[in-house]
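# Coordinate analysis (summary)
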Amino acid sequence: MTSAAVPRARGGSMPSALPSDSLTHVELTHIEKRIENWIRFGREAHEQVLDRRRRVFSYRPGSVFAFVRWAANDFGTIISRIDIVRAVEPGEAYQTLPFVRPGGDILLKIEGWPKVEQVLHHIDAVEAVGIDACEVAPDHWRHVGNRIGAGHTPRPYTVDRHQAWLKRREIGQ
């Protein structure tokens, strides 16, 4: 059986991105104590409710969002993962990611609940200094993913770093 023939959890397939559609679509599912996919931060351009357990958030090109996936079975957790993704422009290269169509530029990919929790705490720290997490420099999210993945503590994202990023972005890098 091919993956295309396998039905999705609780019916139906995810709406596919149309060739003329420039948005990145993320399917979120919530089945209590089984599957919990959620967005930690990001500015969605559109939300579509599929049913009481599923919805699709859509993001404009260049938008950054954090996508958290958790799933369990009768024996415990089987996946804990966070991805921080930049939605791509049509025609731009991208990496594929489950539940994300067509895919995106993955800035951070962390698996395992203890490490996912570290990333969530880091996001909280960024927001605690008054910076919107979706405005953080993409290189910083890569730094956080590399440091946590290697078992080290990432550098904090400060207001000074953020101001430097905004100025760099302003002049076109």
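Residues numbered from 1 in each chain as written. Predicted model: local features only at pLDDT ≥ 70, side-chain atom pairs only at ≥ 80, totals over all residues. Heavy atoms only, no water.

Moving on: the overall build of the chain. Check the secondary structure of the chain and you find three helices and eight strands. Put simply, the chain runs from its N terminus to its C terminus through helices and strands in the order β-β-β-β-β-β-β-β-α-α-α. Relative to its full complement of 173 residues, the chain shows a buried share of 39%. A sequence separation of at least 24 residues applies to 57% of the contacts in the chain between residues at least 6 apart. Accessible surface for the chain amounts to roughly 9900 Å². Of this, 51% is attributable to carbon and sulfur atoms. (Helix = DSSP H or I, 4+ residues; strand = E, 2+ residues; numbered from the N terminus. Buried < 20%, exposed > 50% of the residue type's maximum accessible area, 1.4 Å probe, protein only. Contact = heavy atoms within 4.5 Å. Areas by Shrake-Rupley, 256 points an atom, 1.4 Å probe, with all protein chains shown as cover.)

Let us now look at the side chain of H143. Considering the arrangement of structural elements, one finds H143 in helix 2 (residues 138-149). Its relative accessible area of 13% is what places H143 among the buried residues.

What follows deals with the pattern of salt bridges. Overall, the coordinates contain 17 salt bridges when judged by the stated rule. We note a salt bridge from D105 to R142, for which the minimum N-O separation is 3.2 Å. Of this pair, D105 sits in strand 8 (residues 100-111) while R142 sits in helix 2, placing them 37 residues apart in sequence. With a relative accessible area of 15%, D105 lands in the buried category. Judged by its relative accessible area of 31%, R142 is partly exposed. Members of the salt-bridge network, linked through shared partners, are R86, E92, D105, D139, R142 and R168. (Salt bridge = Lys/Arg side-chain N within 4 Å of Asp/Glu carboxyl O.)

In this model helix 3 (residues 159-170) runs 16 Å from its N-terminal to its C-terminal C-alpha over twelve residues, within 8% of the 16 Å that 1.5 Å per residue would give. In the segment just after helix 3, G172 is the residue with positive phi, at about 85 degrees. (Expected span 1.5 Å × (residues − 1).)

Attention now moves to the pairing of strand 1 (residues 24-31). One face of the sheet, then the other: side chains in a regular strand alternate in exactly this way. With seven of its eight residues buried, strand 1 lies for the most part within the structure. Bridge count for strand 1 against strand 4 (residues 54-59) is six bridges, and the pairing is antiparallel. Following the sheet pairing, T29 is matched in strand 4 by R54. Pairing of strand 1 with strand 8 involves two bridges; the strand directions are antiparallel. (Pairing = 2+ DSSP bridges.)

Before going further, it helps to spend a moment on the nonpolar core. Generally speaking, nonpolar side chains in soluble globular proteins are found buried as a group. Counting 24 residues, the largest nonpolar core has F41, I82, I84, L108, I123 and W141 as its most contacted members. Mapped by element, the contributors of at least two residues to this core are strand 5 (64-73), strand 6 (76-86), strand 8, helix 1 (113-128) and helix 2. In terms of residue count, helix 1 provides more of this core than any other element does, five residues in total. Not counting residues up to four positions away in its chain, the partners in contact with I84 are F41, V64, F65, A66, D105, I106, L107, L108, I123 and W141. (Core = buried A, V, L, I, M, F, W, Y, C linked by side-chain atoms within 4.5 Å.)

The next thing to look at is unusual backbone geometry. Look at the link from R101 to P102: it is a cis peptide, with omega at 0 degrees. Of note in the backbone geometry, K33 takes a positive phi value of approximately 65 degrees without being a glycine. By the secondary structure assignment, K33 is in the loop between strand 1 and strand 2 (35-41). K33 gets classed as exposed once you look at its relative accessible area, which sits at 62%. Of note in this structure, F99 is not a glycine but carries a positive phi near 70 degrees.

The values reported here are purely geometric and, on their own, carry no functional implication.
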